[in-house]
Each structure stands twice: as C-alpha cells, then as structure tokens.
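Understanding the architecture of this molecule
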Amino acid sequence: MRLRLNYESFFNENDNIQDLIEPLNKLDLLRAVSYITNKSRTEKDSIETINNWFRNPLHKLNLIPITPTNTSILNIFSSLKLLNYIYEKEDIKTDVIIDTDEFELRLFKTYLLLNSEQDKIEKAGKDKLPQNGSDEHLSASLLIMAYHDHDLQNYILNEVFLTQFIKAIDFFQFIENEPKLASHLSLFLSTYNCKTWKEWTRNLLNLIIPVINHNDETYSEIQLEEDANFEINSNFINLFTVSIDYNELPDFVSLRSNPILKIDEKTFIILSKLFLVERIFKSVVFEFSLKINVSLPKELQVKDFRSIYCDHFSEQVLLYNTLDKCFPNNNKWIKFRGEDFKKNGYSAEPDYYVRFKNKILLFESKDVILKGKVKQSRDFSILSESLKEKFLKHGKDKKAILQIIENIKRLFSIYYTKIDNNYNIEHLNIYPILVVHDRQFDTPELNRLINIWFRNEIRENFNTKEISKINDLVIINIDTLILYQEHFRKRGEYGLEIMINKYFEFIRPTIIKSKEEFRQKYLNTSISFSLFVARKFDQTNFKNQPSYIENYIQKLDLK
C-alpha cells in the first residue's frame, strides 16, 4: 500500500478540471486516457509514471526531485473517473492550438486533481467509521479503502473472459430449450444474419479474442477491413456501443454500457478491456430482455424477462449445473436442488443442499450488486446499510443470512423429512455458503464483516452445543465455482468444504508480537475465499486448461 500523490503534492495553483480539459481534443484525450487506464494496474511508482508521462525533459527535471519515493500516482479509480468524464464531455471546437507539452501537463494536473478528490472523500469516510475497538472497526477501515475499486483493479482478464463465455453459452442453451422463447431466439439470430447461436458466438469470438491480446502498453483500437465480413463484424462491434439500461446502476455505468467508442464506420477505440469482456454475457441478456422481447408482437412477449433470467437461469441453470459438477456423482454424496424441495411441498428452502455423512453444505445464491453511488461512497454507514439490505434483512424481508439460519434450524429439527433425514444431529457439521454473482463481493475483509453479522444472529438463535456444529459463513463467487468445478469434484485436499476449512484456518487471528506484524498479518488474511483458492491452485498444475473447456468447444463446433 503506497501513498497516493495528489495535486497539492506538486502544485500550489488554482486549476480546475473543467478549465484544464476544455480546450483539449476529445479523441486525443480518449486515446491517451485509454492508455493510462491500461497502465494503471501495473505501474505503481510515481517516478516511473512521471518519466513515462512527459516527453519534455524539463517537466521531469521539475517534478522528479520533489517526488517522494515509495509513492504512486496512477490508480484505476482516477483513470476510469477521467475516462468517464472525457467520454461524457462535449467536444468543443476551438481555435486554440495546444502543443504536446501543454497537453501532457494539463492532463497530468487533471489526473492529480482527481486524486485530490479521492483524498477528500476518503477523509470524510474515515470520520464516520465505527468507534475504535468495536467489532466492526477494523473491517470498516479496510472496506472503505478497498470496496470502491477492488474488482476494477484485481482480475485475470482471461479468466473473466472464460467465465463470461461459459455463462453466455449456458444462457443460449437455456433460451434454446425454453419453448416460449423460441421466437426470441429466431428474431435475435435474424438480426445478426446468423443461422444458429453457435455461429453468433463464433463470430463474436473472432472479434473479442484479438482485442484481449492487444498490447497493454498502448491503447487498443480496431480497424475493420472492408471485406466480405465487414457487415458482420460491424454488426457485432456495434453491439458494444449501444447503451445497456442496467436494472441497478453500477459504478462507471457509461463506460460499462459502452466499452467501445465508435469513431467512424471502420474505426473503434476500446475504452476498457475489462468492461468489454464483462459485457459479453450481459450483452446477450440485454439483447433478449430489452430489445428482442419488446420488438416481438405482444402475444409473444414475456411479461417479466428479468424475473425469468434470475429465477430460471441464474439459479435453476447456472447455480444448479455448476454445483452439480463440484461434487462426486455417487451414493455417498446426497445432492438436492431448490426445486427438489419445492416439489416436495417445502418453501423458504435452501437454493442447494449437499450432504456427505453428517457433513451438510447449505447454499444461498444472490445475484445482486451494490449501486454505483453506494459502492463508491467510502462511507461505511452507507456501505453496511446496503450490504445488510442485500444479505441480512430489508424491511420485513429476510435475506441470505437469515434464510440460512432458518434452514439451519430446520436441520436441527429434522424438518426436511421428505428430502433427507439420514443424519445424526449430535454429529452435524454445517457449512453455510453464500454464492454471489459479482466480483465486487470478492473485496478483502467483506467475508469477515459478513461473518460478524452472521455470528451475532447465530448467538441469538442457537445454544452453545448447536453453535459448535455451525461453521463460519463463506462468500463464494459463482465464477470460482465455474473455474475450479472439476478440481473440487476430484476431492482429496481440494474438496470444496476442505478448502473452506483451510481458508478459515488461514484467516483466523493468531498471537502477534508487534503492531506492525499484526497490521501485515491482518491485511494478508483479509482476502476473499475466491482469492485464497486461486492462490492455492496457482501452486498446482490446476491452472492448466480445465478439461470442461473441451465440452464448450464441442458445443460451438470449434476445432
């Protein structure tokens, strides 16, 4: 963690962003800031940034001597904030000629002003932290520093790309097998002049894969060739230049909605590779939900497409199919889907249930996000309230944590007799698991905070003997389950609940000799389960291409 330098670190003037940016060409700015955004994840040293930023050696001579060591300037939040600002800015025509030296200096000052804005927001957030010494103080302190940009900064693009395409293919298969959506699929394919969804996906692959492999040392630009495939490629790339009407506005909604900027019919700038890749699956859902559905005759339209997506696909297809593959297929492993409970007359059931002897894994799935303003607030009171509404309670509605607790009560009372009663209450070992569908919930320290709330509820609802049989709640990203499904299924030391045990053993507090050692240990153990698993598998050959990729290649008729 390095000190982030701001405007006051270098200048004692009265510049403002509007005046600095106004005379600069919008297209030049977008190209420059797209490049800066690419560099934000890897370039962490201030002196290196200054050396790379300026061509004029005089600027370097003036700035480097007053630059503290072990500091940074570039960060993904200011980069995206600036990119978003420029994207929405009007391109004002002016007779003022700005040379390269002045362009670089104006852009540098603008960037530092955005860093200063961050400092003000963070200072205000620190003033609202829970009282020092309270259960939530340490977790709150870390969350307000990390939650706003962790998912933007920490990712492996190829893995995000892989899970997005797997979800997209699964979604197409869901659409294909849903009779009332047959007209939707036909209209969708005709729009792109494709005979099958496999052809549509292959065409998209041909466009996206080269972009992912673009050199990060510069900005990414696509030049379409006017050949026989021009119309097809143009249709596909325009898919990412049309705004998505998000159900819940995420942070940087304009950029997420439009990760590609159309310059002319042949030229396109990639504003964010991450947002482009994350829109692969979302774009497909968007097309069906908000374009195809409303374009059909009324008698063929689906009243609430979002509900079909969340209930029938997100849970009943994506969650069920993924968890089915995370555990062995034999009589020793008892697996029930939420639908199995409903068929037996139960309500408020687990989303997924797994038992091995007296070991029970209870899954609740929540396909939600925090709104952009909440996520970016850096105010723990705002963050915690929104998190509780999503995962604890909203008004009278019980959310995931309380739903899990109700189902734990049912396990102790052997309530689900029609489903499974072949376990010994005295030897129960219960694993509560919250499955999320967005990477923002992989933010460090979030799992520890959610567990504070979970443990508070546990103490109010169970006696000491029962509590001893309930493990801590773990948050698992659906992408982690998708990526490592076959490794969890192989069992051994990598079985899912075994990895959960290792995770909580890793993050458990230990006796520390000094404050600095405690600080470092606390930071190291604040990581999410998903990151913990990724690091464990980095030490094995599990990062090699998983065999299930072959199944998806076969689904697309790819060689």
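Up top you'll find the structure we're talking about.
Residues numbered from 1 in each chain as written. Predicted model: local features only at pLDDT ≥ 70, side-chain atom pairs only at ≥ 80, totals over all residues. Heavy atoms only, no water.

**Here's the deal with the sheet that holds strand 4 (residues 260-262)**
In space, the three strands of this open sheet follow the order 3-5-4, with antiparallel pairing throughout. In this open sheet, the two edge strands, each paired with only one partner strand, are strand 3 (220-223) and strand 4. Taking each pair of neighbouring strands and ignoring which way they run, the sheet shows an average axis angle of 25°. Sheet topology places strand 4 next to strand 5 (residues 267-270); three bridges connect them, and they run antiparallel. From the neighbouring strand, L261 faces strand 5, where its bridge partner is I269. Running over the sheet, helix 2 (residues 26-39) touches strand 3, strand 4 and strand 5 and is turned about 40° from strand 5. (Pairing = 2+ DSSP bridges. Helix = DSSP H or I, 4+ residues; strand = E, 2+ residues; numbered from the N terminus. Axes fitted to C-alpha atoms, helices over the stretch in contact; angles between N-to-C directions. Contact = heavy atoms within 4.5 Å.)

**Re the sheet that holds strand 6 (residues 333-337)**
Strand pairs in the sheet, formed through backbone hydrogen bonds, run parallel or antiparallel to each other. Taking strand neighbours across the sheet as the criterion, the five strands line up as 6-7-8-11-12 in an open arrangement whose pairing is mixed. At either end of the open sheet lies a strand with only one pairing partner, and these are strand 6 and strand 12 (474-477). Taken over all neighbouring pairs, the strand axes of this sheet differ in orientation by 20° on average, direction set aside. Pairing between strand 6 and strand 7 (residues 352-356): five bridges, direction antiparallel. For W333, the partnering residue across the bridge sits in strand 7 and is F356. On the sheet, helix 24 (residues 496-507) packs against strand 6, strand 8 (359-366), strand 11 (429-436) and strand 12 and is oriented at approximately 120° with respect to strand 12.

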